[in-house]
Amino acid sequence: MSTIRFTRDHEWVRVENGATGTVGITDFAQKQLGELVYVELPEVGADVEQGTEAGVIESVKAAGDLKSPVTGSVTEVNESLPDNPGKVNEDPLGEGWFFKLTLAVNSGLDSLMDQKAYEEYVKDLE
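Residues numbered from 1 in each chain as written. Predicted model: local features only at pLDDT ≥ 70, side-chain atom pairs only at ≥ 80, totals over all residues. Heavy atoms only, no water.

Trainee: For the pairing of strand β3 (residues 20–25), give the residues involved together with the corresponding values.
Mentor: A large share of β3 lies buried, amounting to 5 of its 6 residues. Here strand β2 (residues 11–16) hands over to β3 after 3 residues, with N17 in that stretch at a positive phi of 55°. Strand direction decides the pairing type here: β3 and strand β9 (residues 99–103), joined by 4 bridges, are antiparallel. If you follow T20 over to β9, its bridge partner there is T102. (Buried < 20%, exposed > 50% of the residue type's maximum accessible area, 1.4 Å probe, protein only. Helix = DSSP H or I, 4+ residues; strand = E, 2+ residues; numbered from the N terminus. Pairing = 2+ DSSP bridges.)

Dropping the structure here:
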């Protein structure tokens, strides 16, 4: 069973079996950024903290930090993104994922929004 949670900064984490998370940015975020042209991913084995920089994303409109929505240790990165950052625009909740991690005991997952709450949050921004 998987659970997806969202941050106010428009990152998402899909948690499988309560222990492994896949991280990306939302459809709202990719639309706001426009066409992505550069992605810098964290190193496998790196420890990331909730709300802190885990990578860099640049688009035709802006550049910014990719923040980790939860605390954990990076186990895998999407190797195809540096050569094809447009995958994020095409499929932000699927093939456009950034990295996977093992969640820390106090990962911060409980502080994130569920899908319904995130959709309500985004409505106020549009």
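The rest of the description comes next.
Trainee: Break down the packing of aromatic side chains for me, citing the residues and quoting the values.
Mentor: Per the stated rule, a full pass over the model turns up 2 aromatic pairs. Their ring planes at 15° and their centres at 4.6 Å tell us that F6 and Y118 sit as a pair that is stacked. In this pair, F6 is assigned in strand β1 (residues 2–6) and Y118 in helix α3 (residues 115–123), connecting sequence segments 112 residues apart. As far as the burial class goes, F6 and Y118 line up, both buried. For the pair Y118 and Y121, a centre-to-centre distance of 6.3 Å together with 45° between the ring planes defines the contact as tilted. In this pair, Y118 and Y121 are both assigned in helix α3, 3 residues apart and thus about one turn of the helix distant. Under the relative-accessibility criterion, Y118 is labelled buried at 6%. (Phe/Tyr/Trp six-rings, centres within 6.5 Å; stacked < 30°, edge-to-face > 60°.)

Trainee: Could you give me a rundown of unusual backbone geometry, with the residues and numbers involved?
Mentor: With the exception of glycine, the majority of residues adopt a negative phi angle, and the majority of peptide bonds are in the trans configuration. Even without a glycine there, the phi angle at H10 is positive, about 75°. By secondary structure assignment, the location of H10 is in the loop between β1 and β2. In this structure H10 comes out as buried when scored by relative accessible area, which is 12%.

Trainee: Residue-level account of the pairing of β9, with values.
Mentor: Two strands pair when backbone bridges link them, and strand β8 (residues 72–77) and β9 are joined in this way by 5 bridges, in the antiparallel orientation. Paired with V77 across the bridge in β9 is F99.

Trainee: Could you give an account of the pattern of salt bridges, naming the residues involved and the relevant values?
Mentor: Note that side chains of opposite charge can pair when their charged atoms are close. This structure, assessed with the given rule, holds 3 salt bridges. Between K67 and D9 there is a salt bridge, and its shortest N-O distance comes to 3.5 Å. Here K67, found in strand β7 (residues 63–67), pairs with D9, found in the loop between β1 and β2; they are 58 residues apart in sequence, far enough to count as distant. Classification of D9 by relative accessible area gives partly exposed; the value is 44%. (Salt bridge = Lys/Arg side-chain N within 4 Å of Asp/Glu carboxyl O.)

Trainee: I'd like a rundown of the sheet that holds strand β4 (residues 36–40), residues and numbers included.
Mentor: Read from one edge to the other, the open sheet built from 3 strands follows the order β4-β6-β7, with strand pairing classed as antiparallel. Both edges of this open sheet fall to β4 and β7, since each of them pairs with a single strand only. For this sheet, the mean inter-axis angle between neighbouring strands, taken without regard to orientation, is 25°. Pairing of β4 with strand β6 (residues 53–59) involves 4 bridges; the strand directions are antiparallel. (Axes fitted to C-alpha atoms, helices over the stretch in contact; angles between N-to-C directions.)

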